[in-house]
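Inside the fold
As a plain string of letters, each chain reads:
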Amino acid sequence: MSEWKKTGCVLCGQNCGLEALVENNRIVKVRPDKDNPRSQGYACRKGLNIAFYQHHNDRLTQPLKKVGCDFVPISWEQALSEIAEKLRSIVDEHGPRSLAFMGLGGLGGHSEAVFGLRLLRSLGSKYYYNALAGELTGLFWGYGRTIGRQYNFTILDHDRTDMLLAIGWNGWMSHQMPQARRFLDKMSKDPDKLLVVIDPRRSETAAKADIHLALRPGTDALLTRALIAIILQEGWQNQEYIDQHVSQLEQIDAWFRDFDVREACRVCELDYDQVKEVARLFATRKSSLHADLGVLMGRHSSVTTYLEIILLAICGRLFVPGGNVVPGYLMTMGAHTDDRNTKYWKTVETGFPTLLGMHPPNVMPEEINNDHPERLRAVLISSSNPIRSFADTTAYEQAFSKLDLLVTIDIAMTETAKMSDYVLPDRSLYERWDTTYFQLNYPEIYCQMRRPILEPEGETLEGSEILTRLADKLGFIPVIPESLYAAAGKSRLEYGQALYAYMQSDPKVAATMPFVVAKTLGKEMGSFNLAWMWALLQTVPRSFKENAARAGFKPGLTMGDDIFQAILDHPEGLWIGKVDPDNNFANLKTDDGRINLFIPEVEEWVKGITPKSEEEQLQSDGYYPFILMAGRHTDENANSLMRNPEWNRGRRACTLAMHLDDAERLGIRDQQIVKVTTEAGTLNIELETTADTRPGMVIIPHGFGLEFNGKIFGVGVNRLTKSTNRDRIAGTPLHRYVRCRVDSVASS
Ligand SMILES: Nc1nc2c(c(=O)[nH]1)N[C@H]1C(S)=C(S)[C@@H](COP(=O)(O)OP(=O)(O)OC[C@H]3O[C@@H](n4cnc5c(=O)[nH]c(N)nc54)[C@H](O)[C@@H]3O)O[C@H]1N2
Ligand SMILES: Nc1nc2c(c(=O)[nH]1)N[C@H]1C(S)=C(S)[C@@H](COP(=O)(O)OP(=O)(O)OC[C@H]3O[C@@H](n4cnc5c(=O)[nH]c(N)nc54)[C@H](O)[C@@H]3O)O[C@H]1N2
Ligand code: SF4
Ligand SMILES: [Mo]
């Protein structure tokens, strides 16, 4: 028996719609789904290879406990009782700051997050480490300060923009927006649209650009300061917009008035006239800006983002059609946690703030490996592989071996799982109901609640069920009245009324709502994730209801349930809302209702980014003459999600890319094994000479060095990254600027 089933790709945040042919509980064929309203038949080669994510020998099927050096299978009952007991005793003895959760929701499913965070909170801890705090928290910080809410960061109004300034974003390979290749092709070919790419090398995206500014690596802050300076010096700013929507320009104006733009361009290795032309175009067109890891993981990361917000604001490009806009959400990516507010926890040892509710993975090794009485001692992980994914593998290995308790929930026996005391098997994203809650789209709000298309194998449980059972063991779930269980078996309407009555009867119960819903409606539906989607839709704020009404849902008491039913009726995905494109300014939440341009704490930092000081700091280091781009998004990787290397057979998936001229100068050849050394470590890797990079810059992709069937494929680039090479404010890694040396193996 075989059947085509509607699903979606879980290998990047776009979650393109797919159809999978399922035969004997295996995915045997995959094609893009034309019915998906967001991806409309678009998918890349990764999406067509989801079978390699799903079916492989490293899949976990039972709870495991480490005994000596081995793992032994144990029952769920034993695993969860023992973990609960250990958590309780660690927190009782050392306080809640000794506990952290890491991960919770990857690129394909976010439902477990609410359960994990509830559990963490119930144990009294606020330490939540997430991959987003390894890339985006500097950006969240910048938006929080200037427009009032960290979650109201912007994306480009993709359909309406006529000029895109793409900075450090290789969208052709990494996507990061719906139908990226189709969009970039259109931008490139349409004579009325302009694609400007700022990237040190001729990336696949730069190759499509109308204008490519091939800046020197690490000079984005200097260049952005120069772009703002040109606009203000020439008087090209949008004064009408500034008068209406911007405040504090006078406090930052001096940063740009006497700034030597020509000198800055020279240091950035760019042509002054071309930079000036880009500034003019950006100031005068329906422009938008998308910056990605080239900036977010680059030097001066958070301050570069701040400068980009200033650039957008003075040109009047925030919250306007065709510019940068705040998308709509069913649920925001996190809570606004202003770093100046002392109620939010800083990390104990390194002092980094909570940003959008998160802490940076970069500091976890230091937070474990210290003598502070409140140091981290217990870490729970789900949907993340820090030993491979986060900076400084060696530091992570040392730190994890010092923990009193490490628990990993995953679908595969990963490098992190192997270091854990307990390994708990999750159902995969094709074996459970799940969705991603933050699909950055504009103005429509998209949702696809993916159905299980395969029967789960072994004793796996939905991650949210694992976490609910653990919360139950710890005594965090109140005794639920029989009537609520009974109502769950009747109808959603009756259940809703019973749940409301129960919540009213005891205000404390509200805090445990996800667990209560899971144990009652979740049990009835056979999926805790699905029940949570229903519950969330009953409690959405008014703003979301307005968005849903704009997408055609009838206002009224049953609106939440109607949306839920529509979600069930549309396995291919659907639009569940539409933001008001004429009122994007509603997302501006500062006290004075304007974009606040002055962030006093970084004044000296910004003023210090001068051509002279940058030139000094960028000077080539004799011992480490190359700049390593430690991580790259290609057709052959999907973070660390694809363990079975078979899907890349015949491809050179993990090499060190070096410019032909550099290789010739060093006397090394394509395919030769070379040694790469940084302050963090050394590894040997095959050289690939190419025009893909720029002289002086070398590239290793991330997501490799995974062990599969006893063999290690490619190298784990995080052996070469130091966790202390990070942004001063957000602690995010500076993986796009790692100094290194490259030697021929024979000569070293
Ligand atoms: N194929 C594939 N796609 C993916 C993923 C994957 O693993 N594989 N992962 C997804 C995830 S989680 C993410 S976060 C995204 C990331 O998506 P991107 O940010 O687009 O990924 P990168 O490959 O880092 O590309 C950034 C670009 O920045 C350039 N760059 C390097 N140094 C500098 C610099 O100093 N300044 C500037 N301006 N540019 C610089 C690089 O040359 C590169 O072209 O990709 C997503 N999509
Ligand atoms: N040096 C360097 N390092 C990087 C990067 C870089 O550019 N350079 N990029 C960084 C970026 S942008 C990101 S986003 C991070 C991502 O790093 P991580 O947070 O580690 O995320 P992933 O690699 O996507 O997947 C992590 C784990 O999720 C597991 N998993 C898959 N499906 C499920 C499931 O259904 N349930 C559960 N419980 N687990 C599941 C996988 O087996 C895998 O172990 O990596 C970062 N690491
Ligand atoms: S990897 Fe991303 S772009 Fe490619 S098919 Fe999957 S969701 Fe779509
Ligand atoms: Mo990412």
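Residues numbered from 1 in each chain as written. Chains lettered and ligands numbered in written order. Predicted model: local features only at pLDDT ≥ 70, side-chain atom pairs only at ≥ 80, totals over all residues. Heavy atoms only, no water.

1. Here we look at the packing of aromatic side chains
Under the defined criterion, the tally for this structure stands at 16 aromatic pairs. When the centroid spacing of 6.5 Å and the interplanar angle of 75 degrees are considered together, the rings of W141 and Y306 count as edge-to-face. Of this pair, W141 sits in helix α4 (residues 137-147) while Y306 is found in helix α14 (residues 301-314), placing the two residues 165 residues apart along the sequence. Among the residues examined, W141 registers a relative accessible area of 2% and is labelled buried. Exposure remark for Y306: the relative accessible area of 0% places this residue in the buried category. Considering the side-chain rings of W255 and F256, the 6.1 Å spacing of their centres and the 50 degrees angle between planes classify their relative orientation as tilted. Of the residues examined, W255 reaches a relative accessible area of 2% and is grouped as buried. Residue classification places F256 among the buried residues on the basis of a relative accessible area of 0%. An aromatic cluster is built from W141, W255, F256, Y306 and F598, whose rings are joined through pairwise contacts. Above the face of the W4 ring, R31 is positioned so that its terminal group lies 3.7 Å from the ring centre. (Phe/Tyr/Trp six-rings, centres within 6.5 Å; stacked < 30°, edge-to-face > 60°. Helix = DSSP H or I, 4+ residues; strand = E, 2+ residues; numbered from the N terminus. Buried < 20%, exposed > 50% of the residue type's maximum accessible area, 1.4 Å probe, protein only. Lys NZ or Arg CZ within 6 Å of the ring centre and 35° of its normal.)

2. Here we look at the pairing of strand β23 (residues 673-677)
Bridge analysis of β23 against strand β24 (residues 682-690) gives five bridges, and the strand direction is antiparallel. Each bridged residue has a counterpart across the sheet, and for V676 the counterpart in β24 is L683. In this antiparallel pair of consecutive strands, β23 and β24, the connection spans four residues. Two strands pair when backbone bridges link them, and β23 and strand β28 (residues 738-744) are joined in this way by four bridges, in the antiparallel orientation. From the neighbouring strand, K675 faces β28, where its bridge partner is D743. (Pairing = 2+ DSSP bridges.)

3. A short note on the site of ligand 3
Every residue close to ligand 3 is listed here: C9, C12, Q14, N15, C16, A43, C44, K46, G47 and H175. The cavity that encloses ligand 3 is the largest cavity. Class assignment of the residues belonging to the shell around ligand 3 gives a composition of five nonpolar, four polar and one charged. (Near = heavy atom within 4 Å. 1 Å grid on protein atoms, 1.4 Å probe; cavity = no way out; pocket = protein on both sides within 12 Å on 5 of 7 lines; lining within 4 Å. Sits in = over half its atoms within 2 Å of the grid points. Nonpolar A, V, L, I, M, F, W, Y, C, P; charged D, E, K, R; others polar.)

4. A few points about the nonpolar core
Most often, soluble globular proteins have nonpolar side chains that are buried together. With 169 residues, the main nonpolar core has L87, L119, I310, I314 and I595 as its most contacted residues. By residue number, the principal contributor to this core is helix α7 (residues 220-234), which donates ten residues. Not counting chain neighbours up to four residues away, the residues in contact with I595 comprise T146, I147, Y241, H245, V246, S247, A313, L318, F319 and L588. Counting 23 residues, the second largest nonpolar core, distinct from the first, contains A630, I685, L687 and I700. (Core = buried A, V, L, I, M, F, W, Y, C linked by side-chain atoms within 4.5 Å. Contact = heavy atoms within 4.5 Å.)

5. Brief notes about the layout of surface pockets
Of the volumes computed, that of the second largest pocket is approximately 620 Å³. Listed by contribution, the elements that provide at least two residues to the lining of the second largest pocket are α21 (492-505), α23 (528-538) and α25 (559-569). The dominant element in the lining of the second largest pocket, judged by the number of residues it contributes, is α21, at seven residues. Of the residues that constitute the lining of the second largest pocket, the class distribution is ten nonpolar, seven polar and four charged. (Points joined across faces, edges and corners; volume = space filled by probe spheres on them.)

6. Brief notes about empty space enclosed by the protein
For the coordinates displayed, the defined rule picks out four cavities of 30 Å³ or more. One number sums up the size of the largest cavity: a volume of about 80 Å³. Forming the walls of the largest cavity are C9, L11, C12, N15, C16, Y42, A43, C44, K46, G47 and H175. Broken down by class, the residue content of the lining of the largest cavity amounts to seven nonpolar, three polar and one charged.

7. Topic: the packing of helix α2 (residues 76-94) against helix α19 (residues 463-473)
The N-to-C vectors of α2 and α19 enclose an angle of 60 degrees; their axes lie 9 Å apart at closest approach. Taken together, α2 and α19 sit at an angle that is classed as oblique. Taken as a pair, α2 and α19 cross one another with a handedness that is right-handed. Here α2 contributes W76, E77, L80, S81, I83, A84 and L87 to the contact with α19, which in turn contributes I466, R469, L470 and K473. A breakdown of the residues in the contact of α2 with α19 according to their chemical character gives seven nonpolar, one polar and three charged. (Axes fitted to C-alpha atoms, helices over the stretch in contact; angles between N-to-C directions. Parallel < 35°, antiparallel > 145°, perpendicular 65-115°, else oblique. Left-handed = near helix turned anticlockwise from the far one by under 90°.)

8. A short note on the sheet that holds strand β10 (residues 194-198)
Across the sheet, which stays open at both edges, the four strands sit in the order β11-β10-β9-β13 with parallel pairing between neighbours. Bordering the open sheet on either side are β11 (211-213) and β13 (287-291), each of which pairs with just one other strand. Within the sheet, the average angular offset between the axes of one strand and its neighbour, ignoring direction, is 15 degrees. One ladder, built from three bridges, connects β10 with β11; its direction is parallel. Directly across from V197, in β11, lies its bridge partner H212. Along the sheet face, helix α12 (residues 272-284) touches β9 (163-167), β10, β11 and β13 and points at about 120 degrees away from the line of β11. Across the sheet, α14 is in contact with β9 and β13; its angle to β13 comes to roughly 170 degrees.

9. A closer look at the site of ligand 1
By nearness alone, 31 residues border ligand 1, and S174, D199, R201, D220 and T634 come closest of all. At 2.7 Å, a side-chain N or O of S174 approaches an oxygen atom of ligand 1. Between ligand 1 and the protein, one listed contact pairs an oxygen atom with a side-chain N or O atom of R736 at 2.9 Å. For ligand 1, whose free accessible area comes to 920 Å², the fraction covered by protein is 98%. For the shell around ligand 1, the secondary structure elements donating two or more residues are α5 (171-174) and α13 (293-296). (Polar contact = N/O pair within 3.5 Å; in protein donor to acceptor, adjacent residues only side chain to side chain. Areas by Shrake-Rupley, 256 points an atom, 1.4 Å probe, with all protein chains shown as cover.)

10. Section: the sheet that holds strand β1 (residues 2-8)
Read from one edge to the other, the open sheet built from three strands follows the order β1-β2-β3, with strand pairing classed as antiparallel. Each edge of the open sheet carries a strand with a single partner, namely β1 and β3 (26-32). Going from strand to strand, the sheet's axes swing by 30 degrees on average, the running direction of each strand aside. As judged from the seven bridges shared by β1 and strand β2 (residues 17-23), these two strands associate in the antiparallel manner. Each residue of the ladder has a partner; that of W4, found in β2, is L21.

11. Focus: helix α17 (residues 393-400)
Listed in full, the buried residues belonging to α17 are T393, A395, Y396, A399 and F400. Buried residues of α17, seen end-on, are gathered within an arc of 160 degrees and therefore sit on one face of the element. Where α17 is buried, its residues contact β6 (99-103), α15 (364-368), β15 (378-382), α16 (386-389), β16 (405-410) and α18 (415-418). (Arc of directions from axis to C-beta.)

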